[in-house]
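# Observations on the model geometry
So the chains spell out like this:
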Amino acid sequence: MNKAMIKFKNVSKKFGKNEIISNLNFEVKEGEFITVLGASGSGKTTTLKMINGLEKPTAGDINVAGYSIQKGKLIEFRRHIGYVVQSIGLFPHMTIAQNIAVTPKLLGWDKEKINHRVDELLDLVNLPRDFKDRYPAQLSGGQQQRVGVARALSANPPLLLFDEPFSALDSLIRQELQHQLKDLHRKLDNKTFYFVTHDINEALYLGDRVMVMNHGKIEQFDTPQNLVKHPQTEYVKQLLDTAQENQKLWEALK
Ligand SMILES: Nc1ncnc2c1ncn2[C@@H]1O[C@H](COP(=O)(O)OP(=O)(O)O)[C@@H](O)[C@H]1O
Ligand SMILES: [Mg+2]
């Protein structure tokens, strides 16, 4: 049995009087590709930010790779977590190579090791090596998002967090990146991916397991097959019915 990468035990989070996350309990194993599906405002980003210590729980304990937030160790560990967001957040005045090398530089790697790593990562995310000296504005949105993934992988973190990284991309590019990300996860050895989305098809396609969130609670955390075949709550059932109706609409229009 694989070790746990993420453990939430009775975790709650309040902003002022509003309880955003209510008594959340779940476990993610090393090497899993988890997708988190939920409507806007359901608490996906807040949960993700608690995993890398950007937000603190009001109650409960979070353990990531054996580091406990209660013991204050999680913050030190943050550098070892890759983070990819929708807005990408590449530095516009830095070249692609410099953008990818931010964390390795912080960690004090020598120049040769960094250069080698940048080449390796560009290959891995299917970008030509001669993009190294370009600036972010000279790349398309999809290419920039690939650089974002390369940067998150730069220091070889065991855990990668993705917060709706593809939502700003048009659907063809988005599908291509979904395929490549799934492929990448297979190629990489035992890395844990925690991927937030509000797109049901994306969640079902990418996830080994899908966590369906609603109003700060988990409705169901299950394999895509089980979600489709055995939805456990009315919310999940409706979500899947809507997706199926969309599918039928598409078929009818073909
Ligand atoms: N810093 C904050 N202060 C107050 N409320 C917040 C803060 N961050 C998030 N919220 C609220 O918490 C709820 C969940 O937000 P979020 O986790 O971003 O949801 P999601 O990512 O699923 O769209 C929302 O109602 C949001 O307005
Ligand atoms: Mg969000």
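Provided above is the structure to which this section pertains.
All values derive from a computational prediction rather than experimental measurement.

Let's shift gears to the packing of helix α6 (residues 141-153) against helix α7 (residues 171-187). Viewed as axis vectors pointing N to C, α6 and α7 meet at an angle of 20°, and their least axial separation amounts to 10 Å. Relative to α7, the element α6 is oriented roughly parallel. Where α6 crosses over α7, the two elements pack in a sense that is right-handed. Here α6 contributes G142, Q145, R146, V149 and L153 to the contact with α7, which in turn contributes I173, E176, L177, Q180, L181 and L184. For the contact of α6 with α7, a count of residues per class yields 6 nonpolar, 3 polar and 2 charged.

In this section: the environment of V28. Within the secondary structure, V28 is located in strand β2 (residues 18-29). Residue classification places V28 among the buried positions, given a relative accessible area of 0%. Apart from the residues within four sequence positions on either side, V28 is in contact with A4, M5, I6, I34, T192, R209 and F221.

A separate point is the packing of aromatic side chains. Counted according to the given criterion, the structure contains 7 aromatic pairs. The rings of F33, F162, F166, F193 and F195 are connected pair by pair, giving a single aromatic cluster. Here the guanidinium or amino end of K113 rests over the ring plane of W109, the centre of that ring lying 4.1 Å away. Cation over ring: R209 sits above F221, and NZ or CZ is 4.0 Å from the ring centre.

A word on the side chain of T192. Note that T192 resides in strand β8 (residues 192-197). Once you skip the residues sitting within four places of it in the chain, T192 turns out to touch M5, V28, K29, E30, G31, E32, P158, L159 and L160.

So, on to the sheet that holds strand β4 (residues 59-64). With antiparallel pairing, 4 strands are arranged side by side in an open sheet as β2-β1-β4-β5. Each of the sheet's edge strands pairs with one partner strand only, and the pair in question is β2 and β5 (67-68). Of the pairings in the sheet, the one linking strand β1 (residues 4-15) to β2 comprises 8 bridges and is antiparallel in character. In the strand pairing of β2, V11 is matched with L24. Packing against the sheet, helix α1 (residues 44-51) makes contact with β1, β2 and β4, and its axis sits at approximately 125° to β1.

Reading guide: rules and limits
- Residues numbered from 1 in each chain as written.
- Chains lettered and ligands numbered in written order.
- Predicted model: local features only at pLDDT ≥ 70, side-chain atom pairs only at ≥ 80, totals over all residues.
- Heavy atoms only, no water.
- Axes fitted to C-alpha atoms, helices over the stretch in contact; angles between N-to-C directions.
- Helix = DSSP H or I, 4+ residues; strand = E, 2+ residues; numbered from the N terminus.
- Parallel < 35°, antiparallel > 145°, perpendicular 65-115°, else oblique.
- Left-handed = near helix turned anticlockwise from the far one by under 90°.
- Contact = heavy atoms within 4.5 Å.
- Nonpolar A, V, L, I, M, F, W, Y, C, P; charged D, E, K, R; others polar.
- Buried < 20%, exposed > 50% of the residue type's maximum accessible area, 1.4 Å probe, protein only.
- Phe/Tyr/Trp six-rings, centres within 6.5 Å; stacked < 30°, edge-to-face > 60°.
- Lys NZ or Arg CZ within 6 Å of the ring centre and 35° of its normal.
- Pairing = 2+ DSSP bridges.

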